[in-house]
Amino acid sequence: MKLYSFWRSLASFRVRIALNLKGVAYEQIAVDIDRRQHRDGAYAALNPQMALPSLVLDDGTVLTQSLAILDYLDEACPGPALLPEDAKGRARVRALAAMIACDAHPLTTPRVQRYLTEVLHVDEAARVAWLRHWAAEMLVAVEAQLAGHAATGRFAHGDAPTIADVCLAGHVIFARNQGLDLAETPTVQRVFDAAMALPAFVSAHPLAQPDTPEAMRRKPAAP
Ligand SMILES: N[C@@H](CCC(=O)N[C@@H](CS)C(=O)NCC(=O)O)C(=O)O
C-alpha cells in the first residue's frame, strides 16, 4: 500500500496509526502541503479533493477520507479491531471520532486558515484565537463524553484502542501545539497518555515521519 501523506497532517496521522495497529506495511509518499503540492495536477488526479491522506491499495484502488480509510482497514485487514463488537459501542466510538474528525478538524485545516487570512484578511492574533477556540471547545466536549461514562476505560472506549483514540490523539497534539493546557480535561489527558504509550501511535507521530523537517524531528520513543 502507498500512503500519500504529510508529516503534520492529522488526518494522515490517523491512518498511519491504524496501519500500525493492524501491522500493515506501507510506503509513505510525502505531499508537502506548505509547498501546495497537494494542489498539483499529479496529486489532484489521484484525489480530486486535493486533501491528504490518500491510501492506494496494491490493486490501484484509491481510498480517501481518513474515517473511511479507518473503516476499510478495520474491515479488510486482520489484527486488533478498531471498533467495539456491539452496535451501541460502535455508535459511541464513531460519534467520538466524528466530533473530532468531522466537527473540529475541518475548522483548522490550511485551506480554512488561508481563507481566513487571504480572503477575510483576519490578522495573526485572530487566526490563532480561531484555532485555539475550536481546539479548546472540542477538548471540553470530548471530556464531557468520556468523564464518568461507564464505557470509558483505559482508552476512550474500553481497554483497547479504537478509532476514537486514533482521532483523539491528533486533536490533543494539535491543541497542545496551540498552547492549550489539558488540566481541565483530565480524562482526555489520561486517554491520550495511554494511547501514546503504544508503539503504533508513537511511530505515527507527526514529529517522527520521514518528511518531518529535521529541526522538528524527535526520537520516536518519546511521545
Ligand atoms: N476529512 C478529511 C480531511 C482531509 C484534510 O483536510 N486534510 C488536510 C490535512 S490534515 C489537508 O489535506 N488540507 C489541505 C488544505 O487544507 O488545503 C479526512 O479526514 O481525511
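Since we're looking at a predicted model, the values are computed, not measured.

Further remarks concern the nonpolar core. By size, the foremost hydrophobic cluster in this structure holds 56 residues, and its most contacted members are Leu55, Leu168 and Phe201. At the level of secondary structure, the elements contributing two or more residues to this core comprise helix 1 (10-22), helix 3 (66-76), helix 4 (87-104), helix 6 (124-146), helix 7 (163-177), helix 8 (186-195) and helix 9 (199-202). Here the element with the most residues in this core is helix 7; it accounts for 10 residues. Counting contributing residues per domain, this core is built from domain 1 (2-80) and domain 2 (87-202), each supplying no fewer than three. Here Leu55 is in contact with Met1, Lys2, Leu3, Leu19, Thr61, Val62, Leu63, Ile69 and Leu73, once residues within four sequence places are set aside. Membership of the second largest hydrophobic core comes to nine residues, among which are Tyr4, Val31, Ile33 and Leu52.

This part takes up the site of the ligand. Taken together, the neighbourhood of the ligand is formed by 16 residues, with His38, Leu52, Gln65, Ser66 and Arg111 sitting nearest. The contact in question runs from an oxygen atom of the ligand to an N or O atom on the backbone of Arg111, over 2.8 Å. Considered on its own, the ligand offers 510 Å² of accessible surface; in the complex 93% of this is hidden by protein. Each of domain 1 (2-80) and domain 2 (87-202) accounts for three or more of the residues forming the shell around the ligand.

Sheet strands associate in pairs through backbone hydrogen bonding, adopting either a parallel or an antiparallel arrangement. Strand order in the open sheet formed by four strands is 2-1-3-4, with mixed pairing between adjacent strands. Sheet topology places strand 2 (27-30) and strand 4 (62-64) at the edges, where each strand pairs with a single neighbour. The mean angle between the axes of side-by-side strands here comes to 25°, regardless of whether they run parallel or antiparallel. Two strands pair when backbone bridges link them, and strand 1 (residues 2-5) and strand 2 are joined in this way by four bridges, in the parallel orientation. Following the sheet pairing, Lys2 is matched in strand 2 by Glu27. Along the sheet, helix 1 contacts strand 1, strand 2 and strand 3 (54-56); its crossing angle with strand 1, the most-contacted strand, is approximately 155°. Where helix 3 meets the sheet, its contacts fall on strand 3 and strand 4, and the angle it forms with strand 4 comes to roughly 120°.

A word on helix 7. Under the 1.5 Å per step criterion, the end-to-end length of helix 7 is 22 Å for 15 residues, consistent within 8% with the ideal 21 Å. Burial of helix 7 is extensive: 13 of the 15 residues sit out of reach of the surface. Positive backbone phi, approximately 85°, marks Gly179, located one or two places after helix 7.

Rules behind the numbers
- Residues numbered from 1 in each chain as written.
- Predicted model: local features only at pLDDT ≥ 70, side-chain atom pairs only at ≥ 80, totals over all residues.
- Heavy atoms only, no water.
- Core = buried A, V, L, I, M, F, W, Y, C linked by side-chain atoms within 4.5 Å.
- Buried < 20%, exposed > 50% of the residue type's maximum accessible area, 1.4 Å probe, protein only.
- Helix = DSSP H or I, 4+ residues; strand = E, 2+ residues; numbered from the N terminus.
- Domains from an automatic or database assignment.
- Contact = heavy atoms within 4.5 Å.
- Near = heavy atom within 4 Å.
- Polar contact = N/O pair within 3.5 Å; in protein donor to acceptor, adjacent residues only side chain to side chain.
- Areas by Shrake-Rupley, 256 points an atom, 1.4 Å probe, with all protein chains shown as cover.
- Pairing = 2+ DSSP bridges.
- Axes fitted to C-alpha atoms, helices over the stretch in contact; angles between N-to-C directions.
- Expected span 1.5 Å × (residues − 1).

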